[in-house]
Amino acid sequence: MEKIRITKKFDFETGHALHGYDGKCRNVHGHSYKLYVTVIGTPIQDINHVKNGMVIDFSDLKTIVKSEIEDVFDHATVFNKNTPHVELAKELQDRGHHVILVDYQPTSEMMILDFAKKIKDRLPRHIKLHSLKLQETSSSFAEWYASDQ
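Not measured: the values here are computed from a predicted model.

(A) Spotlight on the pairing of strand E6 (residues 140–145). Here strand E5 (residues 128–137) pairs with E6 via 6 bridges, running antiparallel. From the neighbouring strand, Ser131 faces E6, where its bridge partner is Tyr145. Counted between consecutive antiparallel strands, the loop separating E5 from E6 contains 2 residues.

Structure representation (structure tokens):
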């Protein structure tokens, strides 16, 4: 049976700041991110299976990405926990803000690597993560492809 790729798009709002950066993004700011998740697999070929003809049910893919990425990062502010931003993060948390501290500089490039690992770990064994596209602005995005790894 031939392999088929399916893609689902997710939208979330996230703030971040890039410590040590020499441009405007050193300041706390936010983006309306768009995450395109593409998986690859063989459609189920069992007429008695409830998901016959599907690689993966879009709702099953949504459950994975929503719980690992969208629900976690939406309306959160992300900081690298190994920078002085932890002081700002603590202040925001003390005021009731949703803050995520990560082990990396929260660029689109590093976030997409984090997202790839989280999604791959949750996919059924017969489904492979093919690619991710994380769009930060209308003209800027990062892409991850399994074939490049």
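(B) Representation of the sheet that holds E6 within the structure. As summarised here, the arrangement of the 6 strands in space is E4-E3-E1-E2-E5-E6, forming an open sheet in which the pairing is mixed. Strands with a single pairing partner mark the edges of an open sheet, and in this sheet they are strand E4 (99–102) and E6. Between one strand and the next, the sheet's axes are offset by a mean angle of 30°, whatever the strand orientation. Pairing geometry for strand E2 (residues 29–41) and E5, over 7 bridges, is antiparallel. Note on E5: the bridge partner recorded for Tyr36 is Lys133.

(C) Fine view of the nonpolar core. In this structure, Leu35, Val37 and Leu132 are the most contacted members of the largest nonpolar core, which totals 31 residues. In contact with Leu132, not counting residues within four places along its chain, are Leu35, Tyr36, Val37, Ile112, Phe115, Ala116, Ile119, Ala142, Glu143 and Trp144. Counting residues in each nonpolar core, the second largest holds 5 residues, with Ala17, Phe79, Ala89 and Leu92 among its members.

(D) Quick look at the packing of aromatic side chains. Within the structure shown, the criterion is met by 3 aromatic pairs. With centroids separated by 6.2 Å and ring planes inclined at 70°, the aromatic side chains of Phe12 and Phe115 adopt a geometry described as edge-to-face. In this pair, Phe12 is assigned in strand E1 (residues 4–16) and Phe115 in helix H3 (residues 108–122), connecting sequence segments 103 residues apart. For the ring pair Phe73 and Phe115, a centre distance of 5.0 Å and an interplane angle of 70° mean the geometry is edge-to-face. Of the two residues, Phe73 is situated in helix H1 (residues 58–73) and Phe115 in helix H3; the sequence distance between them amounts to 42 residues. A relative accessible area of 1% places Phe73 in the buried class.

(E) The side chain of Glu70, seen in detail. Among the secondary structure elements, Glu70 is positioned in helix H1. Excluding residues that lie within four positions of it along the chain, Glu70 makes contacts with Phe10, Asp11, Phe12 and Val65.

(F) Fine view of the environment of Lys118. Looking at the secondary structure, you find Lys118 in helix H3. The sequence separation of Lys118 and Lys133 amounts to 15 residues, and the corresponding C-alpha distance is 15 Å. Excluding residues within four positions of it along the chain, Lys118 makes contact with Glu68, Ile69 and Phe73.

(G) Layout of unusual backbone geometry. If you check the backbone angles, His75 has positive phi at about 55° while not being a glycine. Along the polypeptide, His75 turns up in the loop between H1 and strand E3 (76–80).

(H) Inspection of the environment of Arg95 at higher detail. You can see Arg95 is positioned in the loop between helix H2 (85–94) and E4. In terms of polar contacts, Arg95 uses its side chain to reach the side chain of Glu91, at 2.4 Å.

Thresholds applied
- Every chain begins its residue count from 1, and numbering advances along the sequence as written.
- Side-chain atom pairs in this predicted model are given and counted only at pLDDT of 80 or more, local residue features only at pLDDT of at least 70, and totals for whole chains, interfaces and linings cover all residues.
- With hydrogens and water set aside, each side-chain value is computed from the structure's full complement of heavy atoms.
- Should DSSP find at least two bridges between two strands, the strands are regarded as paired.
- Here a strand is any run of E in DSSP of at least two residues, a helix any run of H or I of at least four, and the numbering for each starts at the N terminus.
- Axis definition: a line fitted to C-alpha atoms, over the contacting stretch in the case of helices. Angles run 0 to 180 degrees between N-to-C directions.
- To qualify as a nonpolar core, a set must consist of buried Ala, Val, Leu, Ile, Met, Phe, Trp, Tyr and Cys residues joined through side-chain atoms within 4.5 Å.
- Accessible area is worked out with a 1.4 Å probe on protein chains only. A residue is then buried under 20% of its type maximum, exposed over 50%, and partly exposed in between.
- Between two residues, a contact is recorded if the distance between any of their heavy atoms is within 4.5 Å.
- Put simply, two rings from Phe, Tyr or Trp (the six-membered ring, in Trp's case) pair if the centres are within 6.5 Å, and we call them stacked under 30 degrees between planes, edge-to-face over 60, tilted for the rest.
- We define a polar contact as two N or O atoms separated by no more than 3.5 Å, with the added condition that, inside protein, one atom must be a possible hydrogen donor and the other a possible acceptor, whereas residues neighbouring each other in sequence contribute only through side-chain atom pairs.

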